[in-house]
Amino acid sequence: MDIRYSTHAADYPAYDTATLRARYLIDGVFAPGAIRMTYCHDDRMVVAGLMPVGAPLRPEGGAMFGGLGFFDRREAGIFVIAGTGRITVDGTAYDLVEADALYIGKGARDVAFESPDPADPAKFYLVSVPAHRACPTRAIRKADARTLELGTVRDANKRQLRQYLHPDVIETCQLCMGQTDLYEGSVWNTYPCHTHERRMEAYLYFGLGEDGRVFHYMGKPDETRHLVLGNEQAVISPSWSIHMGSGTRNYSFIWAMAGENQEFTDMDMVKPQDLR
Ligand SMILES: O=C[C@H](O)[C@@H](O)CC(=O)C(=O)O
Ligand SMILES: [Zn+2]
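Residues numbered from 1 in each chain as written. Chains lettered and ligands numbered in written order. Predicted model: local features only at pLDDT ≥ 70, side-chain atom pairs only at ≥ 80, totals over all residues.

### Describing the environment of Asn157
Along the chain, Asn157 falls in the loop between β12 (146–150) and β13 (159–165). Setting aside its immediate chain neighbours within four residues, Asn157 contacts Gly151, Thr152, Ser186, Trp188, Asn189 and Tyr191. (Helix = DSSP H or I, 4+ residues; strand = E, 2+ residues; numbered from the N terminus. Contact = placed C-beta atoms within 7 Å.)

Okay, here's the thing in structure tokens:
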């Protein structure tokens, strides 16, 4: 378990590149046959990659969770970013293809992740946060998501944003999650940018190819820093930080938020002329 404590907004301007990356970047999200977990103390969000090859994978609770089962006091959203996958929750199997998602509510006991086709192993991206009550476990297919078309070719930010774990789609305790795909020729995400003091957020970038990179911007709007991210790397955005990026090509990312509210539009928009 990789543990990330919260950082104060006054501290990050002094970080060098290596420290910025150690605090906010999550590398090695997917490894064949393994569960890779990062426990982030910002809103106690767990970010994990599961890539079953052969035997099914089961997220464990254990010492890090006070001896509880993983889902005893948590909910999770899981997206398939590659391959085809099956998740079995207490005897019910959900078969998922790329861009499908599953929400698992608090109280699930036996959760197994599998790749039914060994030639096409699934990459499951999981984000989990504490939950105070049980909401129903449900699959959300790509077509079920609330879809928004954003941006323009002129601004190189034409993209499709799909809200899967969102109050208009399914009920969750605090997790909001979705996927944004940039169209070919567009490279900017989340511009004009924003903060949301009431929620933290994590992004997983993928579909970048081997050499593609995203220059991800973070920090207070008047004191920005950047992290260079490669394919299938994630980044933590504390509530005080902007989170936007520009890629060397188009790409996709999964965003996940947790905190005080689930109002997607509760954002403090930053005027471009105020960025530094
Ligand atoms: O708070 C919301 C998140 O930052 C993302 O949903 C933004 C995003 O996917 C986009 O603009 O493409
Ligand atoms: Zn945001």
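Having seen it, we continue.
### Some points on the site of ligand 1
Near ligand 1 the following residues occur: Arg159, Leu161, Thr180, Asn189, Thr190, His196, Glu201, His243, Trp255, Met257 and Met267. At the level of secondary structure, the elements contributing two or more residues to the shell around ligand 1 comprise β13 and β22 (252–259). Grouping the constituent residues of the shell around ligand 1 by class yields 4 nonpolar, 5 polar and 2 charged. (Near = placed C-beta within 6 Å. Nonpolar A, V, L, I, M, F, W, Y, C, P; charged D, E, K, R; others polar.)

### A word on the environment of Phe206
Along the chain, Phe206 turns up in strand β17 (residues 199–206). Considered as a pair, Phe206 and Asn231 are 25 residues apart in the sequence and their alpha carbons are 4.9 Å apart.

### Some thoughts on the environment of Asp181
Tracing the chain through its elements places Asp181 in strand β14 (residues 176–182). Residue Asp181 is classed as partly exposed on the basis of its C-beta count, with 15 C-beta atoms lying within 10 Å. Sequence separation between Asp181 and Ala234 is 53 residues; the distance between their C-alpha atoms is 16 Å. If we skip the residues at most four places from it in the chain, Asp181 touches Arg159, Gln160 and Ser252. (Buried ≥ 20, exposed ≤ 12 C-beta atoms within 10 Å, placed from the backbone.)

Worth remembering: the numbers are spatial, not functional.
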